[in-house]
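Working through the structure, step by step
Here is how the chains run, residue by residue.
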Amino acid sequence: MSARVGVNLLWLVPGVVGGSEESTLASLRAMHDLAPTDLSIELFALDELRDAHPDVVAALPTTTLRLPGRLKPLRVASEATWLSAKARGLDLVHHAGGTAPPLRTAPYVLTVHDLQPLEATATHGAVKRAYLRAVLPRSVRRARAVVVPSGFVRTGVVERFGVEPALVHVVPHGVQTWPAAPADEVRGRYGITGPVVLYPAITYPHKNHAVLVEAFGRIAAEHPAAQLVLTGGAGSAEEALVAQVARLGISDRVVRTGRIPRADLGALYGLADVVAVPSRYEGFGLPAVEAMAFGAPLVAARATALPEVVGDAGELVDPDDVDGWAATLGRLLGDRAERQRLAAGARERAERFTWPSNAKALLDVYRAALR
């Protein structure tokens, strides 16, 4: 008889929770494809998941709760009431959103995506920080196993919460390319005419757009046709970024696309001369790995999980070294052979990050926790 494993997705509000939505669902799809005979995977989610991801709901047994995702206090309460009642009879629950409810009826595995709310407080509100400071330590210490996406996060979890290192498992995210829109159409759609330095990120402070824009401003005259293309929505650093671009006098060289279709992003990865990821904090760094998968020359910050993920397949620069960013970007824009070398290494590096390997590792964590 197979063991019943329930996956708590009540935290997953479609279109709101960011990259963890896509990574969690990609992992579940891969687990279904592996079809383990010793484990039966069941999902517990908001009703909204049926509309946003019908393929996942069709693939795995899913019990949903009719509750608006925007009502976070009710979502949290439902984990301790509705979910606890549903979990009776399960052998294991995977709380995939970073915390576990105080009332539980089954042992559990916990995923911690990163510790940014505790380590980089400027990027989160006071209420969320206080909540996580109260709930996260207990959630980690009571788990049978903790899953993290990188060694960087693993070290933080072990050191901050004092848990046994053997209980914290590194399960890297997978990555895969997807069909891209025609490059010429994308260039025309966004007014891109020259060589491209691409950074796909919402304008949150920790994404560190300011250093990249300052560096680009220093090399703009040296590379008069190059454009800095910034995709992603507006975050709390948006106003400061707009003012900085205007102050540097490079408004005609910086392309702001806002949120774009996934096919357009794939095209931009493919046509980018350089992808820059200067972020000061990444628990994994999915944009960097996506860039590598598309064969884009990559420059990333030498910070948090990025060096571990990028390895020697990209250039690494201190996130606050404006001179270093300017020199590296300028050198790569002028050296096609070096860009080609980096692109080849990037594709090879990205091949180690697959969703089947992610799912297999996660299933092994379940088996270890059940033992």
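Since this is a predicted model, take the numbers as computed values, not measurements. (Residues numbered from 1 in each chain as written. Predicted model: local features only at pLDDT ≥ 70, side-chain atom pairs only at ≥ 80, totals over all residues. Heavy atoms only, no water.)

1. Overview of the side chain of Arg349
- You can see Arg349 is positioned in helix α16 (residues 336-350).
- A polar contact is formed between the side chain of Arg349 and the backbone oxygen of Val309, at a distance of 2.9 Å.
- When sequence neighbours within four positions are dropped, the list of residues in contact with Arg349 reads Met292, Glu308, Val309, Val310, Gly311 and Ala313. (Helix = DSSP H or I, 4+ residues; strand = E, 2+ residues; numbered from the N terminus. Polar contact = N/O pair within 3.5 Å; in protein donor to acceptor, adjacent residues only side chain to side chain. Contact = heavy atoms within 4.5 Å.)

2. With respect to the sheet that holds strand β8 (residues 196-200)
- Read from one edge of the open sheet, six strands run β10-β9-β8-β11-β12-β13, paired in parallel fashion. Edge positions in the open sheet fall to β10 (254-258) and β13 (315-317), since each of these has one partner strand only. Shown here is a sheet whose adjacent strand axes are inclined to one another by a mean of 20°, direction ignored.
- Here strand β11 (residues 274-277) pairs with strand β12 (residues 298-301) via three bridges, running parallel. Bridging across to β12, Val275 finds its partner in Leu298.
- Each of β8, β9 (227-231) and β11 touches helix α10 (residues 209-219); the most contacted strand, β9, lies at about 165° to it. (Pairing = 2+ DSSP bridges. Axes fitted to C-alpha atoms, helices over the stretch in contact; angles between N-to-C directions.)

3. Side note on unusual backbone geometry
- At Ala35, a residue that is not glycine, the phi angle is positive and equals roughly 50°.
- Among the structural elements, Ala35 can be located in the loop between α1 (19-34) and β2 (39-46).
- Even without glycine at this site, Thr304 takes up a positive phi of about 50°.
- Within the fold, Thr304 resides in the loop between β12 and α14 (306-310).
- A residue is classified by how much of its surface remains accessible, and Thr304, at 23% relative accessible area, is partly exposed. (Buried < 20%, exposed > 50% of the residue type's maximum accessible area, 1.4 Å probe, protein only.)

4. Remarks on helix α4 (residues 72-80)
- Among the residues making up α4, those that are buried are Arg75, Ser78, Glu79 and Ala80.
- Summarising the contacts, the buried residues of α4 are in contact with β1 (3-9), β2, β3 (62-65) and α5 (82-86).

These results come straight from atomic positions and should not be treated as a statement about function.
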